[in-house]
Amino acid sequence: MRRKGYGVFLIPGVLASVLVIVVPLVMTVWTSFTKWNGVGEQRWIGFDNYTRLFEDTLFWSSFSNILLLILAMAVVPTLLGLFLAAVLFDYVGKKFSNRWASFFRSGFYLPQIIPVAVTGILWGWILHPDYGALNMILDKIGLGGLATNWLGEPGSALYSVMGIMIWVQLGYPIVMFMAGLQRVDPELYEAADLDGATWWQRFTRITVYLIRPEFYVVLVTTTIAALKIFGPIFVLTGGGPSNATLVPSYFAYKNFFEKAQVGYGSAISTVLTVLIVVLAFVFLRLQNRAENGRVR
Amino acid sequence: MTVTASRAVKTPADAPETRAARRKNPLRFFILAALLALLLIVIAPLLIIAINAVKSPAEYAGSGPLSLPTSLYWDGIVDFWNRVDFGQKLWNSFVTSFTVAVLGVLLSILNAYALGIGRVKGRLWFLVFFLVANLLPQEVLVYPLYFLSKEVHLYDSLISIVIIFTVIQAAFGTYLLTSVYQEFPTELLDAADVDGAGKWRTLWSVVVPVSRPTLGVLFTFFFIWTWNEFFLPLVFLVSNDNQTVPVALGVLQGDRLMDATMTSASGLIGILPALIFFLVFQRTLTRGITAGAIK
C-alpha cells in the first residue's frame with residue numbers, strides 16, 4: 001500500500017543537507033576551477049589547477065602512499081581479521097567457550113575505540129627516538145642496532161604508520177565477521193566434519209564463502225577510510241619527513257590552511273571525492289552481484 | 001521436570017568422553033597461547049602508557065619504560081589536567097557529542113519516516129544522496145563551511161560543529177533507519193490509522209517506541225563518532241576554550257614542554273573516557289556494528 005503526504009517530514013533533513021553538504025560541495029568544485037587565496041578576488045582559470053595537479057610529483061606520491069595505506073588499513077586487516085574471526089568463532093568458541101571468544105573479540109577491538117589523537121600520542125611516544133619504549137626495548141634485548149627514528153626517517157616513517165594502522169583497524173573486521181558467522185547453519189559444519197573435512201577446508205569452503213556480504217562491506221568501508229585518512233597522519237608525522245607520509249587529504253589541508261592556495265586544495269579534494277564515489281559504486285555493484293549469486 | 005531428568009542422565013555419560021578427547025589435544029592450548037600472545041601485543045601499547053602515566057620522571061629516567069612503578073605518582077596527570085584545563089575540554093566534547101547524538105537521531109527519524117514508511121516518490125535517489133553524503137571526504141566540504149561559518153559568525157563556536165555533524169551523522173542514520181522502517185509491520189500502522197491517529201502522532205506513539213533498540217544504537221554511534229572526530233573540530237575550534245578532547249590532545253603533540261611521563265599521562269586521560277563509553281555501551285555497540293552490515 002502506498003501512503004501519501006509524507007513529503008513534509010523530509011523538509012528539515014533536505015534543507016539541512018543542502019546547507020551543509022550540497023552547497024559546500026558545489027562551492028568546492030567551482031573553486032577548483034579558480035585561483036583564490038581565500039580572501040581576495042576569485043579568478044576563473046579553467047582546468048589550470050588540474051593540469052598542475054597531474055604534473056605535481058607530490059600529488060602522485062600522495063596517491064602512491066595511499067595505495068600502501070589501503071594495504072595496511074583494508075587488505076591486511078580484512079584477511080587477518082577473517083582468519084582470526086574464524087579461529088575465534090569456530091575453534092575457541094567451540095573447544096573452549098563463547099566467553100573466551102568474546103573476551104578476545106573485545107580485546108582486539110579496543111584500539112578501534114581510542115580517539116585518533118590519542119593513538120597519535122600513544123604511538124608517537126612509543127616510537128620516540130630518544131625516550132620511546134620500542135627503542136629502549138630493542139636496546140635491552142641486544143638489538144639496539146635496529147633502533148631508529150621510526151616516524152622521523154623518510155625510509156621507515158610510512159612503514160611505521162602502516163604498522164600502526166593495522167593495529168588500529170584489526171578489531172573492526174573481527175567483530176563484523178564474527179557477527180556474520182552467527183548466521184551460518186551449524187549443520188553445515190557438522191556435515192563437513194562427517195565428510196572428514198579438515199579445519200582449513202572448512203574455513204575456505206564454508207566460512208569464507210558464506211560471509212561474503214560482510215567481506216564486501218568491510219573491504220569497502222576500510223578502503224574508503226584509507227582514502228580519507230587524515231587524523232593519524234596529522235598527529236603522527238604531519239605528512240613528513242620530507243613528504244614521505246603525505247596523503248591527499250593532508251595535502252589538501254595544507255593548501256587550504258597553510259599555503260592559502262584554496263583553488264588548488266579544492267582541486268585535490270575534488271579528485272579525491274570522485275575517486276571515493278566511483279569506488280563506492282563499484283563495490284556496491286560487486287556486493288549486489290555477490291548477494292544475488294548467493295540467492296540463486 | 002523431564003528436562004532436568006534427561007540432562008541428569010546424559011551428563012555423566014557425556015562428560016568423561018569429551019574431557020578425554022580434550023586432554024588428548026595439546027593443539028588446543030597451543031592455539032589459545034598463540035591468541036593470548038597476539039592479544040598481549042595488541043594491548044601492550046595501552047599497558048605501557050598506563051604504567052608510565054603513574055611513574056615519576058626520575059623513576060622513568062632510572063629504570064625505563066617497562067618497569068612497574070614502585071609508587072603511584074599522580075603529578076603528571078594532575079599537571080597535565082590543569083595545564084590544558086582538561087575539565088573544560090571534557091565538557092565541550094560531552095555537550096557537542098550529546099547534542100549531535102540527540103539531534104542526529106531526530107533528523108534520521110524524520111527522514112526515515114518519510115522514506116521507509118511513507119515511501120516518498122524518488123526515495124531511491126534520496127537514499128543514494130544520503131549514502132553519498134555520508135561517504136564524502138570532509139576535505140571537500142571544509143573550506144566552504146569554514147568560509148560560510150565566518151560569514152554568519154559561527155566560526156570558532158561549538159554550534160557550527162553541532163550543526164555540521166548532526167547533518168553528516170543523520171545521513172548515515174537515515175540510510176540505516178530507512179531499511180529498518182521498510183520492514184515496519186503494516187498492521188501497527190493500519191491500527192493507528194483506524195484509531196484516527198494522524199501521521200505525526202503515529203510517528204511518536206507507534207513508530208518511535210517500536211524502533212527504540214535501533215535508535216539506541218544510532219545514538220551510541222553518533223555520540224562516539226562525534227566524540228572522536230578530529231578534522232573539522234581542528235579547523236573550526238581554534239581558541240583554547242572551545243577545543244574538544246581530541247583537538248586539545250592532538251595539537252599538544254610535539255610540544256617541547258611535554259616530557260615522557262606527562263605525554264603518557266595525557267594519553268591515559270584521553271583513553272579513559274573512550275574506555276568508559278566502550279564499557280557502558282558495549283552491548284549496544286556490538287549489536288550496532290552488525291546492524292550496519294545487514295543493511
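Residues numbered from 1 in each chain as written. Chains lettered and ligands numbered in written order. Predicted model: local features only at pLDDT ≥ 70, side-chain atom pairs only at ≥ 80, totals over all residues. Heavy atoms only, no water.

**Here we look at the overall build of chain A**
When you go through chain A residue by residue, the secondary structure sums to 14 helices and 2 strands. In terms of principal-axis extent, the alpha carbons of chain A reach across some 75 × 75 × 35 Å. Taking all 296 residues of chain A together, 55% fall into the buried category. Taking the contacts inside chain A whose residues are at least 6 apart along the sequence as the reference set, 67% of them involve residues at least 24 apart. (Helix = DSSP H or I, 4+ residues; strand = E, 2+ residues; numbered from the N terminus. Buried < 20%, exposed > 50% of the residue type's maximum accessible area, 1.4 Å probe, protein only. Contact = heavy atoms within 4.5 Å.)

**Here's the deal with the overall build of chain B**
Within chain B one finds 14 helices and 0 strands. In sequence order, chain B lays out its α and β elements as α-α-α-α-α-α-α-α-α-α-α-α-α-α. A total of 295 residues make up chain B; the buried ones form 52% of that total. Across chain B, contacts joining residues at least 24 apart in sequence account for 73% of those joining residues at least 6 apart. Surface summary for chain B: the accessible area is close to 14200 Å², and the carbon and sulfur share equals 67%. (Areas by Shrake-Rupley, 256 points an atom, 1.4 Å probe, with all protein chains shown as cover.)

**Regarding helix 2 (residues 48–55) of chain A**
Side chains that are three or four residues apart share a direction in an α-helix, a result of its 3.6 residues per turn. Three or more residues of helix 2 of chain A are buried, namely A:Asn49, A:Tyr50 and A:Leu53. Along the long axis of helix 2 of chain A, the arc covered by the buried residues comes to 95°, so they all point the same way. (Arc of directions from axis to C-beta.)

**Overview of the interface of chain A and chain B**
Contacts between the two partners involve 90 residues from chain A and, on the opposite side, 92 residues from chain B. Taken together, the two surfaces of chain A and chain B that pack against each other cover about 8000 Å², and 80% of this comes from carbon and sulfur. Viewed at the interface, chain B and chain A are joined by 0 salt bridges. Our count for the chain A to chain B interface comes out at 3 residue pairs in polar contact (both at pLDDT 80 or more). Of the residues belonging to the side of chain A that touches chain B, the class tally is 63 nonpolar, 18 polar and 9 charged. (Buried area = accessible area lost by both parts, 1.4 Å probe. Salt bridge = Lys/Arg side-chain N within 4 Å of Asp/Glu carboxyl O. Polar contact = N/O pair within 3.5 Å; in protein donor to acceptor, adjacent residues only side chain to side chain. Nonpolar A, V, L, I, M, F, W, Y, C, P; charged D, E, K, R; others polar.)

**Points about the packing of aromatic side chains**
Tallying each qualifying case throughout the model produces 64 aromatic pairs over all chains. Centroid distance A:Trp30 to A:Trp44: 6.2 Å. Interplanar angle 45°. Geometry classified as tilted. Of the two residues, A:Trp30 sits in helix 1 (residues 11–31) while A:Trp44 sits in strand 2 (residues 43–44), which places them 14 residues apart along the sequence. Positioned over the ring face of A:Phe96 is B:Arg28, at 4.1 Å from the centre of the ring. Over the ring of A:Tyr6 we find B:Lys199, and its NZ or CZ is 5.3 Å from the ring centre. (Phe/Tyr/Trp six-rings, centres within 6.5 Å; stacked < 30°, edge-to-face > 60°. Lys NZ or Arg CZ within 6 Å of the ring centre and 35° of its normal.)

**With respect to the pattern of salt bridges**
Residues and elements named next belong to chain A. Summed over all chains, the structure comprises 2 salt bridges over all chains. A salt bridge links Arg202 to Asp90, with the nearest nitrogen and oxygen atoms 2.4 Å apart. Here the residue Arg202 occupies a position in helix 10 (residues 199–210), and Asp90 occupies one in helix 3 (residues 57–95), the gap between them amounting to 112 residues. On the basis of relative accessibility, which here comes to 9%, the residue Arg202 falls in the buried class. With relative accessibility at 6%, the residue Asp90 sits in the buried group.

**Here we look at a positive patch on the surface**
Positive charge collects at one region of the surface, where A:Lys35, A:Arg43, A:Arg52 and A:Lys259 lie side by side. Summarising the element assignment, A:Lys35 is placed in strand 1 (residues 34–35). (Patch = residues over 30% accessible without salt bridge, like charges linked within 9 Å, V, L, I, M, F, W, Y side chains within 5 Å. Lys, Arg positive; Asp, Glu negative; His and termini not counted. Charge placed at Lys NZ, Arg CZ, Asp CG, Glu CD.)

**Here's the deal with the domain arrangement of chain B**
As far as domains go, chain B holds domain 1 (16–76) and domain 2 (85–252). Computed over C-alpha atoms, the centres of domain 1 of chain B and domain 2 of chain B are 39 Å apart. (Domains from an automatic or database assignment.)

**Observations regarding the side chain of B:Ser266**
Residues and elements named next belong to chain B. Its location among the elements puts Ser266 in helix 14 (residues 260–294). The exposure class of Ser266 is buried, given its relative accessible area of 1%. A distance of 2.6 Å separates a polar atom in the side chain of Ser266 from the backbone oxygen of Thr263.

**Side note on the confidence of the model for chain B**
Residues and elements named next belong to chain B. Mean pLDDT over chain B: 82, with 85% of residues reaching 70 or higher. Per-residue pLDDT, averaged within each element of chain B, yields its smallest value for helix 1 (residues 2–23) (43) and its largest for helix 5 (residues 86–117) (94). Counting interchain partners and residues more than four positions distant, the pLDDT-below-50 stretch residues 1–17 has 1 contact. (pLDDT = per-residue confidence, 0-100.)

**A look at the nonpolar core**
In this structure, A:Leu69, B:Tyr181, B:Leu232 and B:Phe236 are the most contacted members of the largest nonpolar core, which totals 183 residues. Looking at this core element by element, the count peaks at 17 residues for helix 3 of chain A. Split by domain, this core shows at least three residues from each of two domains, domain 1 (16–76) and domain 2 (85–252) of chain B. Apart from residues lying up to four places away in sequence, B:Phe236 is in contact with B:Leu145, B:Tyr146, B:Ser149, B:Tyr155, B:Asp156, B:Ser157, B:Ser160, B:Ile161 and B:Ile164. (Core = buried A, V, L, I, M, F, W, Y, C linked by side-chain atoms within 4.5 Å.)

**Side note on unusual backbone geometry**
Residues and elements named next belong to chain B. At Asp85, a residue that is not glycine, the phi angle is positive and equals roughly 55°. Here Asp85 lies in the loop between helix 4 (75–84) and helix 5. On the basis of relative accessibility, which here comes to 41%, the residue Asp85 falls in the partly exposed class. Residue Asp156 is not a glycine yet carries a positive backbone phi of 55°. Of note, Asp156 is situated in the loop between helix 7 (139–151) and helix 8 (158–182).

**Re the environment of A:Leu82**
Residues and elements named next belong to chain A. Mapped onto the elements of the fold, Leu82 is located in helix 3. Between the alpha carbons of Leu82 and Leu181 there is a distance of 10 Å; along the sequence they are 99 residues apart. Not counting residues within four places of it along the chain, the set of residues in contact with Leu82 comprises Pro77, Phe177, Phe203, Val208, Ile211 and Phe215.

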